[in-house]
Amino acid sequence: MHIREKLASKEAAGEPSISFEFFPPKTAQGVQNLYDRMDRMHGLGPSFIDITWGAGGHLSDLTCEMVGVAQSVYGLETCMHLTCTDMPLEKVDQALQAAYKAGCTNILALRGDPPRDKETWEATENGFRYAKDLVKYIREKYGNHFDIGVGGYPEGADDNPDVDLLIDHLKEKVDAGSSFVITQMFYDVDNFIEWVKKCRAKGINVPIIPGIMPIQQYASFIRRSNWTKTRVPPEWMEALEPVKNDDSAVREIGKRLIADMCRKVMASGINHLHFYTMNLAQATKLVLEELGLAPSDEAPIQRALPWRPSLALGRRGEDVRPVFWRNRNSSYVARTQTWDEYPNGRWTDSRSPAFGEVDAYGVRLKGTNEQNIKLWGEPKSIKDLSEIFVRFLEGKLDRLPWSDSPISAEANDIKDLLVDLNRRGFLTINSQPAVNGVKSSHPIYGWGPKNGFVYQKAYLELLVPPSLIDELVARIDKNNDLTYHAIRKNGELRTNTHDSPNALTWGIFAGREIIQPTIVETVSFLAWKDEAYRLGEDWSKCHDSSSPSRKLIQQVMDDWYLVNIVDNDFHRNNAVFELFTDLEVKDLNVEVPGKPETNGSTEQNGAATKN
């Protein structure tokens, strides 16, 4: 969706809106950490994010990759920076095509700063001299596909302090086809408001978005202000100088100063605030809380679906997902990215030759071997394994191999039942309680349009030892309301379903057909099975090849069944758990023996490495 449309929608509703800027980190771990932070900051409700572009396209491939991930995996409306500096036409075309394929529909077109090895800016041969030329080129080549923004400079630019002349240039960029403006950071609100008036007087009538830089630390605040030649009101310095060595006090005072500045900006008639996060969350969150713009736990953001929709070009209409990837959204989107297109927005055609392929999609366990051993320890018995799962259920661990995120509040209704099941040696991977017609605005279960009602069936997915599978299946078959799938890593599927999708979650909304966004189906379960066992094997390989922990986890992966059970009577929770009454995994405390290393080497992740 275009940024100008989002702004217009919020304006019409009389609601303020926000957006965040991020930049590509320098390390692979930094990139992953930033994805996690972007995902968490999604909960603050940004209308969009933007991702910067280095001078000369430095880190440009990473910018394009991050735009694709933000759009497709995290469902964040993304605006990609694109600069002229040291950018030949071929590279500009590659970047625009990458954005197009990612489903990105917003570009911030900038001239950019000169690279560090050049003192003055110069156009690249066959490149663009000014941002207006880049705007014109994008508009001519892509028509209205991209909403194109440009930069505004209320206090002048490094190489041109003439504010009035820069306003003339801004008018030229707007006339060339840009449809919104994002300003450089500022702290002098009165000057900004006067600058906006001058822009309007010149006929610049597109939305102007103020760039807000929160105050993280005193030293960084001074450094950035000096670097950008940003004017700081004297009263700000008087407030910050006495506490400059106390970071906590600086953030507290800075929070109030920035919030007051934002209030004056919004009082002048501008309803959208764009935060330069510097890839950090806390200072921005503090300002939003001070302004009352951060969602509270009591009033969460209304979800359109139970899971976060992708904004990738080929998936925007996707409104059905298998439950198996409930806790691995990134994995699901990444591994199905090149599967055949979704017919009418539904689950992909299982006849596709690409369906179910697992190796090509980078399925992997999060974290390093050392991090995972520190997190989950070194289990030597089934009881040790079950205690890891119990700790996760109790909120003492923030992830498991099969879940990238902490246990959700939705599990509270069945937490005691899950803990009991794991303590008896069954290892639960995924579950949901039954829900019978709660309002779509419900803070935990709600999703979809307001004034609707949502439902869901009780669901349980777990690992079961082979010694108990026949008894479990026999109990399931005695209850006509229960359906299941069960399979070992290299075994044949056992199921009592009719190989058709079974809706697990559905919603009823005024004036709309019933929406059934979460399903269980055989072909998806078989694709998930490969990933589920792969994740467990990756966990085992965090440990030395001869260690008891590796042998234990690998034994579970080789022998145990992956089972899912659905109770099709959505009025109850207990039937699924009653199947396990008086069932318990034998030999919970028996430890798997290991032998000490004798060759001075260990094997990790399948490769021998010297100690």
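See the structure printed just above.
Because the structure is predicted, anything quoted here is derived from the model rather than measured. Residue numbers here run from 1 along each chain, matching the order of that chain's written sequence. Residues qualify for local features only when their pLDDT is at least 70, as the model is predicted, and side-chain atom pairs are given and counted only at 80 or more; totals for whole chains, interfaces and linings, by contrast, use all residues. Side-chain measures here rest on the full set of heavy atoms in the structure, leaving out hydrogens and waters.

1. As for the overall build of the protein chain
So, point 1. Numbering of helices and strands starts at the N terminus; helices are DSSP runs of H or I of at least 4 residues and strands are runs of E of at least 2. A count of helical and extended segments in the protein chain gives 19 helices and 20 strands.
So, point 2. The proportion of buried residues among the 611 residues of the protein chain is 53%.
So, point 3. Should any heavy atoms of two residues lie within 4.5 Å, those residues are considered in contact. Long-range contacts, defined here as pairs at least 24 residues apart, represent 74% of the contacts in the protein chain between residues at least 6 apart. To sort residues, take the accessible area from a 1.4 Å probe on protein chains only and compare it with the maximum for the residue type: under 20% means buried, over 50% means exposed, and anything in between is partly exposed.

2. Thoughts on the nonpolar core
So, point 1. Here, nonpolar core means buried Ala, Val, Leu, Ile, Met, Phe, Trp, Tyr and Cys residues that are tied together by side-chain atoms lying within 4.5 Å of each other. Among the nonpolar cores identified, the biggest contains 160 residues, and Leu82, Trp402, Trp528 and Phe580 are the most heavily contacted of them.
So, point 2. Examining the composition of this core, we find that eight residues originate from one element, helix α10 (residues 247–267), more than from any other.
So, point 3. Domain start and stop positions are those given by an automatic or database domain assignment. Residues from two domains meet in this core; each of domain 1 (15–291) and domain 2 (321–340 + 364–579) gives at least three.
So, point 4. Excluding residues that lie within four positions of it along the chain, Trp528 makes contacts with Phe324, Trp325, Arg328, Trp402, Ile429, Glu461, Leu535 and Leu562.
So, point 5. Grouped together as the second largest cluster of nonpolar side chains are six residues, Trp307, Val454, Phe509 and Ile515 included.

3. A few points about the sheet that holds strand β10 (residues 427–432)
So, point 1. In this scheme, strands are said to pair when DSSP sees at least two bridges between them. Read from one edge to the other, the open sheet built from five strands follows the order β10-β13-β18-β14-β15, with strand pairing classed as antiparallel. Each edge of the open sheet is held by one strand with a lone partner, namely β10 and β15 (494–495).
So, point 2. Taken together, the six bridges between strand β14 (residues 482–487) and strand β18 (residues 561–567) define a ladder with antiparallel strand orientation. Bridge pairing in β18 links Ala486 to Val563.

4. Notes on the sheet that holds strand β12 (residues 453–456)
So, point 1. The strand order β9-β17-β16-β12-β11 describes an open sheet built from five strands, whose pairing is mixed. Of all the strands in the sheet, the pair left with one neighbour each is β9 (321–322) and β11 (435–439).
So, point 2. The pairing of strand β16 (residues 502–508) with strand β17 (residues 515–520) spans four bridges and is antiparallel. Each bridged residue has a counterpart across the sheet, and for Ala503 the counterpart in β17 is Ile519.

5. Some remarks on helix α3 (residues 60–72)
So, point 1. If you check α3, its first and last C-alpha atoms are 18 Å apart, about what 13 residues at 1.5 Å a residue would give, namely 18 Å.
So, point 2. When you tally the buried positions in α3, you get 11 out of 13 residues, the bulk of the element.
So, point 3. Here the buried face of α3 lies against α2 (28–41), β2 (48–51), β3 (78–83), α4 (89–101) and α12 (329–335). Helix span is expected to be 1.5 Å times the residue number reduced by one.

6. Quick notes on the side chain of Ser72
So, point 1. Topologically, Ser72 is positioned in helix α3.
So, point 2. Residue class for Ser72 comes out buried when judged on its relative accessible area of 4%.
So, point 3. Here a polar contact is taken to be a pair of N or O atoms separated by no more than 3.5 Å, where protein atoms must pair a possible hydrogen donor with a possible acceptor and residues adjacent in sequence count only if both atoms sit in side chains. A distance of 2.7 Å separates a polar side-chain atom of Ser72 from the backbone oxygen of Gly68.

7. Here we look at the packing of aromatic side chains
Any pair of aromatic rings gets described here by the distance separating the centres and the angle formed by the planes.
So, point 1. Aromatic rings from Phe, Tyr and Trp, with only the six-membered ring used for Trp, were paired whenever their centres fell within 6.5 Å, and each pair was classed as stacked if the ring planes differed by under 30 degrees, edge-to-face if by over 60, and tilted otherwise. For the structure on display, the rule yields 21 aromatic pairs.
So, point 2. Geometrically, the ring pair formed by Phe20 and Phe22 is edge-to-face, given 6.5 Å between the ring centres and 75° between the ring planes.
So, point 3. Residue Phe22 is classed as buried on the basis of its relative accessible area, which comes to 1%.

8. A few points about helix α15 (residues 415–423)
Given 3.6 residues per helical turn, the α-helix brings residues three or four places apart onto the same face.
So, point 1. Leu418, Val419, Leu421 and Asn422 are the residues of α15 that are buried. Viewed end-on, α15 has its buried residues packed into an arc of 160°, placing them on one side of the element.
So, point 2. On its buried face, α15 sits against α14 (382–393), β10, β13 (458–464) and α19 (574–578).
So, point 3. One or two positions beyond α15, positive phi appears at Gly425, with a value near 100°. The arc in question is the one traced by the directions running from the helix axis out to the C-beta atoms.

9. Thoughts on the packing of α2 against α3
What describes two packed helices is the angle between their axes and the distance between those same axes.
So, point 1. In this analysis an axis means a line fitted to C-alpha atoms, helices contributing only their contacting stretch, and an angle means the value between N-to-C directions, from 0 to 180 degrees. Two elements in contact, α2 and α3, have axes separated by 12 Å at closest approach and are oriented at 35°. Both α2 and α3 take part in a crossing whose hand is right-handed. Where α2 abuts α3, its residues Val31, Leu34, Tyr35 and Met38 lie against Leu62, Glu65, Met66, Val69 and Ala70.
So, point 2. Looking at the contact of α2 with α3 residue by residue, the class counts come to eight nonpolar, no polar and one charged. For any pair of crossing helices, the crossing counts as left-handed if the nearer helix is rotated counterclockwise from the farther one by less than a right angle, and right-handed if it is rotated clockwise. Under the scheme applied, nonpolar residues are Ala, Val, Leu, Ile, Met, Phe, Trp, Tyr, Cys and Pro; charged residues are Asp, Glu, Lys and Arg; polar residues are all the others, including Gly.

Any link to function would need more than the numbers given here.
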